[in-house]
Amino acid sequence: VASKGTGKEKLTALLEKTETKALSAIADTKSSATLDELKREYLGKKSVLKQVNESLKDLATEERPEVGRAISSYREKIAAAIAEKEEKLQKSGGEPSDIVDLTLPPRNQPRGHYHLITQVERELVDIFVGLGYQVAEGPEVDTDWYNFEALNFPPGHPARDMQDTLYVNRGNGTDAVLRTHTSPVQVRTMEKQKPPVYVVVPGRVFRQETLDARHSPVFHQLEGLAVDESITMGDMFGTIKTFLSAFFGRDVRTRFLPSFFPFTEPSAEFAASCVFCDGVGCNVCSKTGWIEVGGCGMVDPNVFLAVGYDPEVVSGFAFGFGLERMAMLRHGIGTIASFYQNDVRVLQQF
Ligand code: DAH
């Protein structure tokens, strides 16, 4: 570096320049591996430091102390900067961001999933597809004819009061309704096809209802319809027991209580033995041992007449129930609003 006769200025200037370069390189370093390299480069055997040190003996005696001090100062500053950086890298996890560790497992990619109502709907549809049913859908805004009249609710009939209907005034004299149930799709399906009919209808329905723990103005139903020659109530009982057992994952007992729906005769409300207490009585079933699921019955001859089927030739059964209720029962969900608030802490549990 310094041939004979070069002065202390040259050596101290060289040290100063090298020091500036070293300090900025150390500051820029992001991994302990490159920090080790810098340590070797600026303090090691082949460093400028080493060379200046060796040149000391060639200096005039009176020049040596000053260059000696410059050497110590250089060494101390670089060593301190390296030590500080080492600590910093260790604190920040010490994981060098410029080194890819191919042995690490891949980072978890968060994945979405279907909403619980969609899951329940698909599961139920699958169960019925397994029983030979097809899937049908219909409009959410429908006419009075499909939602009521063809289902044997004549205009002004008190049975209409069972449904808290939201009417849509279209301004042209023909009122439409937000369908209050999925039953209108029974009519739409039978109009389009000849018997036999085996369909399930999942869908959204609307009622003039105040939101409380178990009711919502918008909810979902699954409707079922089987029409064929010589369908009996026995077929209905068996079908309902089969799908309830499949859905709840265990053999349930069923209960049918007489009820009224204009589009079925006779009509019934069906319940499953409580899957939590096996019918003994618990909080879920309000100590009754039964959980109410939905309505069902044998298709009323008037409905067959409305769609042009001959009630002397065919018979059938139908049923309908709410999907939210099924999900709440199976998963112990207390308030129906949980399904619509989009709180991922709730939804991601399912
Ligand atoms: N549509 C009825 C409701 O929403 C439920 C229902 C009852 C559907 C009996 C049916 C049935 O198909 O046969 O309250």
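Data block above holds the structure.
Residues numbered from 1 in each chain as written. Predicted model: local features only at pLDDT ≥ 70, side-chain atom pairs only at ≥ 80, totals over all residues. Heavy atoms only, no water.

**What to know about the overall build of the protein**
Then, in step 1: Summing up its helical and strand segments, the protein has eleven helices and ten strands in all.
Then, in step 2: The C-alpha atoms of the protein give a radius of gyration of 40 Å, which is well past the 20 Å a tight globule of 350 residues would have.
Then, in step 3: Structurally, the protein occupies a C-alpha span of about 125 × 55 × 35 Å along its principal axes.
Then, in step 4: For the protein, buried positions account for 41% of its 350 residues.
Then, in step 5: Across the protein, the fraction of contacts at a sequence separation of at least 24, relative to all contacts at a separation of at least 6, is 66%.
Then, in step 6: Looking at the protein as shown, the accessible area adds up to about 19,400 Å², and 52% of this sits on carbon and sulfur atoms. (Helix = DSSP H or I, 4+ residues; strand = E, 2+ residues; numbered from the N terminus. Rg over C-alpha atoms; globule rule 2.2 N^0.38 Å. Buried < 20%, exposed > 50% of the residue type's maximum accessible area, 1.4 Å probe, protein only. Contact = heavy atoms within 4.5 Å. Areas by Shrake-Rupley, 256 points an atom, 1.4 Å probe, with all protein chains shown as cover.)

**What to know about the pattern of salt bridges**
Then, in step 1: What the rule picks out here adds up to eleven salt bridges.
Then, in step 2: Notably, a salt bridge pairs Glu 123 with Arg 330, separated by 2.7 Å at the nearest N-O pair. Taken together, the positions of Glu 123 in helix α5 (residues 116-130) and Arg 330 in helix α10 (residues 323-331) put the pair 207 residues apart, joining distant regions of the chain.
Then, in step 3: Judged by its relative accessible area of 31%, Glu 123 falls in the partly exposed class. (Salt bridge = Lys/Arg side-chain N within 4 Å of Asp/Glu carboxyl O.)

**Things to note about the side chain of His 220**
Then, in step 1: Mapped onto the secondary structure, His 220 falls in strand β6 (residues 218-228).
Then, in step 2: With relative accessibility at 18%, the residue His 220 sits in the buried group.
Then, in step 3: In this structure the side chain of His 220 is engaged in a polar contact, spanning 2.7 Å, whose partner is the side chain of Glu 324.
Then, in step 4: Here His 220 is in contact with Ile 117, Gly 203, Arg 204, Phe 321, Gly 322, Leu 323 and Glu 324, once residues within four sequence places are set aside. (Polar contact = N/O pair within 3.5 Å; in protein donor to acceptor, adjacent residues only side chain to side chain.)

**Brief notes about the nonpolar core**
Then, in step 1: By size, the foremost hydrophobic cluster in this structure holds 42 residues, and its most contacted members are Leu 124, Phe 243, Leu 244, Phe 321 and Met 326.
Then, in step 2: Breaking this core down by element, the ones donating at least two residues are α5, β6, α8 (233-248), β8 (264-273), β9 (290-299), β10 (315-322) and α10.
Then, in step 3: Counting residues per element, this core draws most heavily on α5, which supplies seven residues.
Then, in step 4: Sequence-distant contacts of Leu 124, defined by excluding residues within four places in its chain, comprise Leu 222, Phe 243, Phe 247, Phe 321, Leu 323 and Met 326.
Then, in step 5: Core analysis: the next-biggest nonpolar cluster, separate from the first, contains 24 residues, Tyr 146, Met 190, Val 227 and Val 314 among them. (Core = buried A, V, L, I, M, F, W, Y, C linked by side-chain atoms within 4.5 Å.)

**Focus on the pairing of β6**
Then, in step 1: A large share of β6 lies buried, amounting to nine of its eleven residues.
Then, in step 2: Here strand β5 (residues 197-206) runs beside β6; their pairing, made up of ten bridges, is antiparallel. In the strand pairing of β6, Val 200 is matched with Gly 224.
Then, in step 3: The sheet contact formed by β6 and β10 spans eight bridges and is antiparallel. Bridge pairing in β10 links Gly 224 to Phe 319. (Pairing = 2+ DSSP bridges.)

**With respect to helix α4 (residues 64-91)**
Then, in step 1: Taking 1.5 Å of rise per residue, 28 residues should cover 40 Å, and α4 covers 41 Å from first to last C-alpha, within 8% of that figure.
Then, in step 2: Among the residues making up α4, those that are buried are Val 67, Ile 71, Tyr 74, Ile 78, Ala 81, Ile 82, Lys 85 and Leu 89.
Then, in step 3: Taken together, the buried residues of α4 touch α1 (8-28), α2 (32-43) and α3 (48-55). (Expected span 1.5 Å × (residues − 1).)

**Quick word on the site of the ligand**
Then, in step 1: Neighbouring residues of the ligand: 15 residues in total, closest His 181, Ser 183, Arg 207, Gln 221 and Glu 223.
Then, in step 2: In this structure, Gln 221 approaches the ligand through a side-chain N or O atom, which is 2.9 Å from an oxygen atom.
Then, in step 3: Contact between the ligand and Glu 223: an oxygen atom at 2.6 Å from a side-chain N or O atom of the residue.
Then, in step 4: Protein contact buries 92% of the 350 Å² of open area that the ligand shows by itself.
Then, in step 5: Considered class by class, the residues forming the shell around the ligand number five nonpolar, eight polar and two charged. (Near = heavy atom within 4 Å. Nonpolar A, V, L, I, M, F, W, Y, C, P; charged D, E, K, R; others polar.)

**So, the packing of aromatic side chains**
Then, in step 1: For the structure shown, the criterion picks out 18 aromatic pairs.
Then, in step 2: Note on Phe 247 and Phe 248: the rings are 5.1 Å apart at their centroids and 80° apart in plane angle, and the pair reads as edge-to-face. Each member of the pair Phe 247 and Phe 248 is classed as buried.
Then, in step 3: Considering the side-chain rings of Phe 270 and Phe 321, the 6.4 Å spacing of their centres and the 85° angle between planes classify their relative orientation as edge-to-face. Remark: Phe 321 occurs in strand β10 and Phe 270 occurs in strand β8; sequence separation between them is 51 residues. This pair shows no difference in class: Phe 270 is buried, exactly as Phe 321 is.
Then, in step 4: In this structure an aromatic cluster arises from ring pairing among Phe 128, Tyr 133, Tyr 198, Phe 237, Phe 243, Phe 256, Phe 270, Phe 317, Phe 319 and Phe 321.
Then, in step 5: The ring of Tyr 114 carries Arg 122 above its face, with NZ or CZ at 4.2 Å from the centroid.
Then, in step 6: Above the face of the Phe 247 ring, Arg 330 is positioned so that its terminal group lies 4.1 Å from the ring centre. (Phe/Tyr/Trp six-rings, centres within 6.5 Å; stacked < 30°, edge-to-face > 60°. Lys NZ or Arg CZ within 6 Å of the ring centre and 35° of its normal.)

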